[in-house]
Amino acid sequence: MRIARFSIDGNVAFGAVEGDGPDSLVLDIIKGIPYADFELSGTKVPLSKVRLLPPVLPNKVVAIGRNYAEHAKELGNAIVDDQGRPEAPVAFFKPTTSVIGSGDAIEYPSFSNELHHEAELAVVIGRMCREVPRERVKDVIFGYTCANDVTARDVQKREKQWARAKGFDTSCPLGPWVETDLDPSDLTIQATVNGEQRQLGRTADMLRSIEDLVVHITEAMTLLPGDVILTGTPAGVGPLNVGDEVAVTIEGIGTLTNRVIKRG
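Overview of the structure. Note that the coordinates shown come from a computational prediction; the quantities given were computed from them, not determined experimentally.

**Some points on the pairing of strand S3 (residues 26–31)**
The sheet contact formed by strand S2 (residues 11–18) and S3 spans four bridges and is antiparallel. From the neighbouring strand, Gly15 faces S3, where its bridge partner is Ile29. Note that S3 and strand S4 (residues 39–46) share five bridges and pair antiparallel. Bridge pairing in S4 links Lys31 to Glu39.

Written as C-alpha cells, this is what we have:
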C-alpha cells in the first residue's frame, strides 16, 4: 500500500494512493494514523487536487554515509581500514527542519558554492524500537520512500562535523509517499537533473543491508514511529544549481521531484 500525507483546503490527512496512471491516482482518506490499525474512510480525492507533504514527520533522520563502494571511491574515502577490516558505518543526523516533500523547493544555502544531490532509499520506522535483533527488523519497518540527501559538499570537506553541510533547511526531501509492501533488497535507484541521468545503481550494492543498519543504529538509540533511516547513495553524485529540477526515482516506489531555488 502507498501511504501519502497531504493537505487539502487547509486540512492535513493521510491517504492510501490508489490507481495506476499519474492522471488517475486518487487518495482514499485514512481514519486515524497509519502506524496503528486504521480504516480507509471511502472518501476519495484526486491526487491532482491536493498538495503532497513529506510523507512522514520524523522525530529524527539517521543517515548512513559511504554505504556504496563506488560512491565512497568517487569521493576518495576508504571502506576498509589498514588491516583490511570493513570500516564501521558512518552515521549522522539530519534535523526535522531539513525535511521537505515532493514538489517543495530546495533552497541553495548562502554559505555554500557546491551543492550536490544524493539519491537514497529511505526506511520509515513503524513502531518504537531499541536493540532490535536481526530477525525482528522487518517487524519494526513501516515502509520505504525516496530521499535526496542534499549536501553542501564544500562545507562537508571543510568542516569536521557534517551538521551544517547536510542539515541545513530543505536538505532532506522525502516522498512522494511511503510504500509499505516492498522487497528493498534489489531495487533500481536513480537521480536525474533536468531530465539527464546522473546516478544509477541498485540497492543490492549496499555494503551494509537494511538489517545491518537497523541493528547498528538501535544498539545506540530508540527509534520512534515515523523516524527515517537514509541508507546511503550510489555513485554519480554531482552539482545542483539554482533553477535545476532534480528527481529521485526508486523502483516500486515512485519519483521524488524538487526544484532548486535561491535562498532568501
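**A closer look at the environment of Val228**
The topology assignment puts Val228 in strand S17 (residues 228–230). A residue is classified by how much of its surface remains accessible, and Val228, at 1% relative accessible area, is buried. Residues Val228 and Leu174 lie 54 residues apart in sequence; the distance between their C-alpha atoms is 9.6 Å. When sequence neighbours within four positions are dropped, the list of residues in contact with Val228 reads Val56, Pro58, Lys60, Val61, Val62, Ala122, Val123, Val124 and Leu174.

**Describing the packing of aromatic side chains**
Here the distance between the centres and the angle between the planes together describe a pair of aromatic rings. Scanning the entire structure with this criterion turns up three aromatic pairs. A ring pair is formed by Tyr35 and Phe142, whose centres lie 5.2 Å apart and whose planes are at 70°; its orientation type is edge-to-face. You can see Tyr35 sitting in the loop between S3 and S4 and its partner Phe142 sitting in strand S12 (residues 141–148), a full 107 residues away along the chain. With a centroid separation of 6.2 Å and 85° between ring planes, the pair formed by Phe111 and Phe168 is classed as edge-to-face. Of this pair, Phe111 sits in the loop between strand S9 (105–108) and strand S10 (115–117) while Phe168 sits in the loop between helix H4 (163–167) and strand S14 (172–179), and the two are 57 residues apart along the sequence. When its relative accessible area of 25% is taken as the criterion, Phe111 is described as partly exposed.

**A short note on the nonpolar core**
Core analysis: the biggest nonpolar cluster contains 39 residues, and Leu27 and Ile250 have the highest contact counts within it. Of all the elements in the fold, those that place two or more residues in this core are strand S1 (2–8), strand S6 (61–65), strand S11 (119–125), helix H2 (137–140), S12, strand S15 (188–193), helix H5 (210–218) and strand S19 (245–250). Once residues within four sequence positions are removed from consideration, Ile250 is found in contact with Glu120, Leu121, Thr145, Cys146, Leu187, Thr188 and Ile189. Listed in part, the 19 residues of the second largest apolar core include Ala16, Ala63, Val228 and Leu230.

**Looking at the state of the cysteines**
All chains considered together, the criterion is met by zero disulfides. Summary of cysteine pairing: Cys129 is not part of a disulfide, and the nearest cysteine sulfur, belonging to Cys172, is at 18 Å. Cys172 supplies the cysteine sulfur nearest to Cys146, a cysteine that is in no disulfide, at a spacing of 12 Å. Given a relative accessible area of 0%, Cys146 falls into the buried group.

**Things to note about the side chain of Asn258**
Relative to the helices and strands, Asn258 resides in strand S20 (residues 254–262). Polar side-chain contacts of Asn258 include one of 2.9 Å to the backbone oxygen of Gly101. When near neighbours in sequence (up to four residues on either side) are disregarded, Asn258 contacts Ile100, Gly101, Ser102, Gly103, Asp104, Ile106, Pro173, Asp244, Glu245 and Val246.

The rules behind these values
Residues numbered from 1 in each chain as written. Predicted model: local features only at pLDDT ≥ 70, side-chain atom pairs only at ≥ 80, totals over all residues. Heavy atoms only, no water. Pairing = 2+ DSSP bridges. Helix = DSSP H or I, 4+ residues; strand = E, 2+ residues; numbered from the N terminus. Buried < 20%, exposed > 50% of the residue type's maximum accessible area, 1.4 Å probe, protein only. Contact = heavy atoms within 4.5 Å. Phe/Tyr/Trp six-rings, centres within 6.5 Å; stacked < 30°, edge-to-face > 60°. Core = buried A, V, L, I, M, F, W, Y, C linked by side-chain atoms within 4.5 Å. Disulfide = S-S within 2.5 Å. Polar contact = N/O pair within 3.5 Å; in protein donor to acceptor, adjacent residues only side chain to side chain.

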